[in-house]
Amino acid sequence: MDSDWTFNIDDTTARSTVPPDEVSLPVRQAADELRHAMDACRSAAIDLGAAVRTSSQAGYGTKWILGAAGLSTEDLERVLRGEELF
């Protein structure tokens, strides 16, 4: 990887190199989009976990939840133990 600093010991001309906005802005925007998507995913996973736990107590078993929620057996077992999906 390229260094962001031109730095040597006792270098009085050391400086940080910052790319221009046309280079850095797309990266910052994509990182913000990913952060928002992950927050939404985390929230949806918490909501799904709560719904699965509530539905599993309705007395209809849990096999149907696998298909309805699109969960793996391992994930369903984790959620039923009270663990979060995300």
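What comes next is a walk through the structure. (Residues numbered from 1 in each chain as written. Predicted model: local features only at pLDDT ≥ 70, side-chain atom pairs only at ≥ 80, totals over all residues. Heavy atoms only, no water.)

1. Observations regarding the overall build of the protein
Alright, step 1. Tallying secondary structure elements over the protein gives three helices and two strands in all.
Alright, step 2. In the protein, the succession of helices and strands from N to C terminus is β-β-α-α-α.
Alright, step 3. Relative to its length of 86 residues, the protein is extended, with a C-alpha radius of gyration of 24 Å against a globular reference of 12 Å.
Alright, step 4. Counting only C-alpha atoms and orienting by the principal axes, one finds that the protein spans roughly 75 × 30 × 15 Å.
Alright, step 5. Taking all 86 residues of the protein together, the buried fraction comes to 10%.
Alright, step 6. Across the protein, contacts joining residues at least 24 apart in sequence account for 37% of those joining residues at least 6 apart.
Alright, step 7. Approximately 6800 Å² of the protein is accessible, and the part contributed by carbon and sulfur atoms is 57%. (Helix = DSSP H or I, 4+ residues; strand = E, 2+ residues; numbered from the N terminus. Rg over C-alpha atoms; globule rule 2.2 N^0.38 Å. Buried < 20%, exposed > 50% of the residue type's maximum accessible area, 1.4 Å probe, protein only. Contact = heavy atoms within 4.5 Å. Areas by Shrake-Rupley, 256 points an atom, 1.4 Å probe, with all protein chains shown as cover.)

2. Some words on the environment of threonine 17
Alright, step 1. Its place among the elements puts threonine 17 in the loop between β2 (15–16) and α1 (21–56).
Alright, step 2. Residue classification places threonine 17 among the partly exposed residues on the basis of a relative accessible area of 30%.
Alright, step 3. Along the chain, threonine 17 and leucine 76 lie 59 residues apart, while their C-alpha atoms are 49 Å from each other.

3. Observations regarding the side chain of serine 24
Alright, step 1. Mapped onto the secondary structure, serine 24 falls in helix α1.
Alright, step 2. Looking at serine 24, its side chain comes within polar contact range of the side chain of arginine 28, at 2.9 Å. (Polar contact = N/O pair within 3.5 Å; in protein donor to acceptor, adjacent residues only side chain to side chain.)

4. Regarding the environment of threonine 12
Alright, step 1. Its place among the elements puts threonine 12 in the loop between β1 (5–6) and β2.
Alright, step 2. Sequence separation of threonine 12 and alanine 40 is 28 residues, and the distance between their C-alpha atoms is 46 Å.

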